[in-house]
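# Inside the fold
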Amino acid sequence: MAEMSRSMQRELLLLTLVACVHLLVCPFTKVEESFNLQATHDILYHRLHLDKYDHHEFPGVVPRTFVGPLIISLLSAPAAFFLSALDVSKFYSQLLVRGCLGLCVIYAFWKFQKEVRKQFGTTVAVFYCWISATQFHLLFYCTRTLPNIFALPIVLLAFTAWMQQKFGTFIWLSALSIIIFRSELSIFLGLMLLSSVVSRRISISRSLCHAVSAGLVWLALTISVDSIFWGRLIWPEGEVLWYNIVLNKSSEWGTSPFLWYFYSALPRALGCTVVFLPLGAQDRRSWRMLFPSIGFIFLYSFLPHKELRFIIYTFPILNVVAAMGCSYL
C-alpha cells in the first residue's frame, strides 16, 4: 500500500513537472486566451473598480463568463498580492495565475487516474500516466486560459463520478461545465448519461430531477455573477451557443473538412499511442468510454469551424483505452 502511494506521488510529480516545463518554455499567450487572462488580472488588481475593467473597451466577439477567472483569482490572490507588495513584474503574476489553473487540471487528472487504477489496475494506471506525460497537447494546454481548459477539470471530475456510478454528482458537474463554460459539452456528457440510462444504471426520472435542479442553480449563478461584471442581464455561454451553433458565425474564423478531427487532430494529439487504441478496444470495458468520446467527435464534426482544443476533453479518456492496449504487451 505504501509503495502504491509513493508510485502515485511520483506520477503526480511527473505530470506537474511536465506542465511547469510547458509553462516556462512558452510563457506568453495568444488571442483566444486574452479575455480570461485579462479578466483575472482585472479582478486581482482593479478589484471592485469595475469601470476600469478591460472588457468594457475590448469585449471580444462574444461575451465570456467571469466565473472561471473569479475562481482562479481567489486561488492565486495571496501569492499575487505578495508579488505586488514586492513590486515584482506582472509577468510573474501571469505565470502564477496560469500555474494555478494548471494545478486545478492536474488535481482533477490525478483524481481521475486514481479511479482508473481502482477499476483497471496499477499497470493500466502507470501506462496512462506516462502516455499523458509524453503527449504534447494535453499538458501544454492545461495552463492556457482558454474556456475549454476552465471546463476541463470539471469534465475530468464528472467523468470520475460517472465511472464511480455517482450519477447525481456526475450530472451536477456536467451541468456546471455545460451552462457556465462550454455548451458543446452537452453532446459529450449527454452521451455518457444516455449510455447509463440505456443500461439502466440510472432512471430517466432521476436524471431529469438532477438535471433540472442543477441547470437552474448554475444558470442562476452565471447570470448573477456575469450580469454584475457586464453591466447588463446576460448568460454568456448562451450567447456563445447562439453565435457559434445557431448563427454558425464561427465559420467566419475558418473551416475544416468533416473528418479533420479524425485524420489530423487526433493523430497529432495522441501521437504514437493512437496505434494502441484498437488493442485497448479488445477489452469490452473500454466500449463505454469509446462510445461517448468517438460519438462526441463525430457529432461535433458537423460544425465547420474546428480546432484541436474543442475536443481536448476526449484525450484523457482515449488515453485510458490506449493504456489498456499497452497493458496487453
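Below: a short report on this structure. (Residues numbered from 1 in each chain as written. Predicted model: local features only at pLDDT ≥ 70, side-chain atom pairs only at ≥ 80, totals over all residues. Heavy atoms only, no water.)

### Notes on the nonpolar core
F170, F188, Y313 and F315 are the most contacted members of the largest nonpolar core, which totals 96 residues. For F315, the contacting residues outside a window of four places in its chain are L138, L266, A269, L270 and L308. (Core = buried A, V, L, I, M, F, W, Y, C linked by side-chain atoms within 4.5 Å. Buried < 20%, exposed > 50% of the residue type's maximum accessible area, 1.4 Å probe, protein only. Contact = heavy atoms within 4.5 Å.)

### Examining the pattern of salt bridges
Within this structure, the stated rule accounts for nine salt bridges. Here E33 and R144 are joined by a salt bridge, their closest N and O atoms 3.1 Å apart. Taken as a pair, E33 in the loop between α1 (2–25) and α2 (34–45) and R144 in the loop between α6 (137–141) and α7 (147–163) lie far apart in primary sequence, 111 residues in all. Judged by relative accessible area, E33 falls into the buried class, the value being 2%. Of the charged contacts, one joins E237 and R64 as a salt bridge, the two residues approaching to 3.8 Å between their closest N and O atoms. Here E237, found in helix α11 (residues 236–246), pairs with R64, found in the loop between α2 and α3 (67–85); they are 173 residues apart in sequence, far enough to count as distant. Both residues of the pair, E237 and R64, belong to the buried class. (Salt bridge = Lys/Arg side-chain N within 4 Å of Asp/Glu carboxyl O. Helix = DSSP H or I, 4+ residues; strand = E, 2+ residues; numbered from the N terminus.)

### Comments concerning the packing of helix α8 (residues 167–181) against helix α10 (residues 204–230)
Between α8 and α10, the shortest axis-to-axis distance is 8 Å and the interhelical angle comes to 40 degrees. Read as a crossing pair, α8 and α10 show a hand that is right-handed. Contacts from G168, I171, W172, A175, L176, I179 and I180 of α8 reach α10 at R206, S207, H210, A211, S213, A214, G215, V217, W218, L219, L221 and T222. Looking at the contact of α8 with α10, its residues break down into 12 nonpolar, six polar and one charged. (Axes fitted to C-alpha atoms, helices over the stretch in contact; angles between N-to-C directions. Left-handed = near helix turned anticlockwise from the far one by under 90°. Nonpolar A, V, L, I, M, F, W, Y, C, P; charged D, E, K, R; others polar.)

### Examining the packing of helix α5 (residues 122–134) against helix α15 (residues 314–326)
Here α5 crosses α15 at 125 degrees, and the two axes come no closer than 8 Å. One finds that α5 runs oblique with respect to α15. Like other packed secondary-structure pairs, α5 and α15 cross with a definite hand, here right-handed. Mapping the contact onto sequence places V124, F127, Y128, I131 and S132 in α5 and P316, N319, V320, A322, A323, M324 and C326 in α15. Residue composition of the contact of α5 with α15, by class: 10 nonpolar, two polar and no charged. (Parallel < 35°, antiparallel > 145°, perpendicular 65-115°, else oblique.)

### Some words on helix α4 (residues 90–120)
Between its first and last C-alpha, α4 extends 44 Å over 31 residues, near the 45 Å set by a 1.5 Å rise per residue. Positive backbone phi, at 100 degrees, marks G121, one or two positions downstream of α4. (Expected span 1.5 Å × (residues − 1).)

### Here's the deal with the state of the cysteines
One pass over the structure, following the stated rule, counts zero disulfides. Cysteine C26 remains unbridged, with the sulfur of C142 as its closest cysteine sulfur at 12 Å. Counting only cysteine sulfurs, C104 is the nearest neighbor of C100, a cysteine outside any disulfide, at a range of 7.0 Å. Judged by relative accessible area, which is 12%, C100 ranks as buried. (Disulfide = S-S within 2.5 Å.)

### Let's talk about the side chain of S183
By secondary structure assignment, the location of S183 is in the loop between α8 and α9 (185–198). Once residues lying within four places of it in the same chain are set aside, the contact partners of S183 are I178, E237 and L241.

### Some words on unusual backbone geometry
The phi angle at Q165 is positive, at roughly 60 degrees, despite the residue not being glycine. Within the element layout of this structure, Q165 appears in the loop between α7 and α8. Its identity is not glycine, yet N248 carries a phi of approximately 55 degrees, on the positive side. For N248, the location among the structural elements is in the loop between α11 and α12 (260–270).

### Here we look at a nonpolar patch on the surface
Residues F258, L259, Y263, F298, L299 and F302 make up a contiguous nonpolar surface patch of about 610 Å² in total accessible area. Mapped onto the fold, Y263 is located in helix α12. (Patch = residues over 30% accessible without salt bridge, like charges linked within 9 Å, V, L, I, M, F, W, Y side chains within 5 Å. Areas by Shrake-Rupley, 256 points an atom, 1.4 Å probe, with all protein chains shown as cover.)

### Some thoughts on a positive patch on the surface
On the surface, K111, K114, K118 and K166 cluster together to form a positively charged patch. Counting through the fold element by element, K114 comes out in helix α4. (Lys, Arg positive; Asp, Glu negative; His and termini not counted. Charge placed at Lys NZ, Arg CZ, Asp CG, Glu CD.)

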